[in-house]
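Next come the chains, spelled out residue by residue.
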Amino acid sequence: MWPNNVRTVVALALDSFRIFVLNPILELIKKKYPWLFSFNLWLCLCLGLYLIGALFNFGIYHWDELFQTIEPAATKLGLSRFDELPWEFSQKVRPWLQIWLYYFLAFLTQSWWVENRFILGSVCQVFNGLMFALCFSFFLKQLFDFKKHPFFYFLILSFYSVVFFAVRSSSESLSSSFFFWGLSLLLSMMSLPKTWFWVGILFGLSFQARYQMGIPISFVGLWLLVLKEQRSWRLWLWMALGFVLTQIFGQVLNRLGYGVWILPELNYFVANIVQGVASQFGVSPYYGYVNELSSFLGWPFTLILGLCFIYCCIRYWREVWIWIALPHLFIHSAIPHKELRFLMPVLALIPVYWVVAGLDFSKYLSETFPNSRVQKVFLLLFSTHFAFFSVMGWSN
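Residue indices begin from 1 for each chain and proceed along its sequence in written order. Per-residue local features of the predicted model are confined to residues with pLDDT of at least 70, and side-chain atom pairs are confined, for both listing and counting, to 80 or more; whole-chain, interface and lining totals are unaffected and use all residues. Excluding hydrogens and water, the side-chain values take into account all heavy atoms of the structure.

Trainee: What should I look at first to understand empty space enclosed by the protein in this one?
Mentor: Definitions used throughout: a 1 Å grid over protein atoms alone; a cavity as a set of points that fits a 1.4 Å probe which cannot get out; a pocket as an open set with protein on both sides within 12 Å along at least five of seven lines; a lining residue as one with an atom within 4 Å of a point. Grid points are joined across faces, edges and corners, and a volume is the space filled by probe spheres set on the points. Under the definition given, this model contains 2 cavities of 30 Å³ or more. Considering only enclosed or pocket space, the largest cavity measures out at about 160 Å³ in volume. Lining of the largest cavity is provided by 16 residues; of these, Gln68, Arg94, Gln98, Ser171 and Ala209 occupy positions nearest its centre. Listed by contribution, the elements that provide at least two residues to the lining of the largest cavity are helix H3 (64–76), helix H5 (97–108) and helix H10 (171–188). For the purposes of this entry, the term helix denotes a DSSP run of H or I that reaches at least four residues, the term strand denotes a run of E that reaches at least two, and both are numbered from the N terminus. Of the residues forming the lining of the largest cavity, the biggest block, 3 residues, is contributed by H3. Of the pockets and cavities examined, the second largest cavity occupies roughly 40 Å³. All residues other than Ala, Val, Leu, Ile, Met, Phe, Trp, Tyr, Cys, Pro, Asp, Glu, Lys and Arg, Gly among them, are scored as polar; the first ten of these are nonpolar and the last four charged. Its residues assigned to classes, the lining of the second largest cavity comprises 2 nonpolar, 2 polar and 4 charged.

Trainee: Before we go on, may I ask you to explain the packing of aromatic side chains in this structure?
Mentor: How two aromatic rings sit relative to each other is given by the distance of their centres and the angle of their planes. What counts as a ring pair is set by centres within 6.5 Å for rings of Phe, Tyr and Trp (its six-membered ring), and what kind of pair is set by the plane angle: stacked under 30 degrees, edge-to-face over 60, tilted for all other angles. Per the counting criterion, the structure on display carries 29 aromatic pairs. Feature note: the residues Phe82, Phe89, Trp96, Trp100, Tyr103 and Tyr258 constitute an aromatic cluster, connected by ring pairs. As a reminder, the over-ring test applies to NZ of lysine and CZ of arginine, requiring each to be within 6 Å of the ring centre and within 35 degrees of the ring normal. If you follow Arg168 out to its NZ or CZ, it ends over the ring of Phe164, 4.6 Å from the centre. The ring of Tyr316 has Arg315 sitting right over it, with the charged end atom 4.9 Å from the ring centre.

See below:
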């Protein structure tokens, strides 16, 4: 009988502590310091983390961060020669939108870096990181009730794989920022015609930053047609107008970059897909991204992530974030040359799958064991495990 009495006393003490101490303290904090639970506070904390990640991101993950963006901008600043750039520029397959953006940043901050392109790289990383944090946070705000889950909102944005790829100066980060910005705008004000125009602008900028973003953009459009039944030709005309204007703007920038009128989109497709030039830099089997993820995240996390991803695909197949991820993953898995960075923006959604599956399982536990503390114990272990993986990644 003694152990049962001990459990009863401990349970009574915990309930009394929660009811008479913890809950009143939380209510008092909410009343006196409501800003602690505000969206802007947590967003500022995330922006601070991205700033730290960008400034202390020493080294280069892939040489494209330098030679496909910053180095071409240096040619326009008179610091480098065009004929020394990689083969993509002699074949005219790279868009110039991001390059001209970095040229503008370099012009504004020239007194900071003074011909040191590595400092210029840090400036570009800060810009990319902060822009991604803002755009992705607005997208998350459309998915989750921030007041119910402010901590998980923070964990998703600060997860190390998201920050790691977001602060890079390559095109994957910038194109994903424009994409999530447009998507969050679409989800928040879908019924307004002018919204569709600005969404077309942002999707067009995403495509001009990286042509592979045509995959998720296309499937967002398919999601709107099939599941949202958005068949008003006026709305689609507004979006098409914004997208076409952006493509015209992009072609003007390409003309200023290459010196001739050219379609880099077509050249890119012919060189990398038809002629298979990308395969010269290494090929992997269709399951190659599983190995890439396991090397980056570790096998335990990759296994749990795979289960969460499968669950979300089955349970939430009607959601737009599934329509973004599945086609992007399958199409890139079919391409022989694989690099983990190619999976952006799917990589940014990794913690979303984890959190959604975890919260659903927590809800299941509360319904199965209504008078038990199993759910609270699970949430504690779940959030601790999630934070542990993120902290371990940041430490590396």
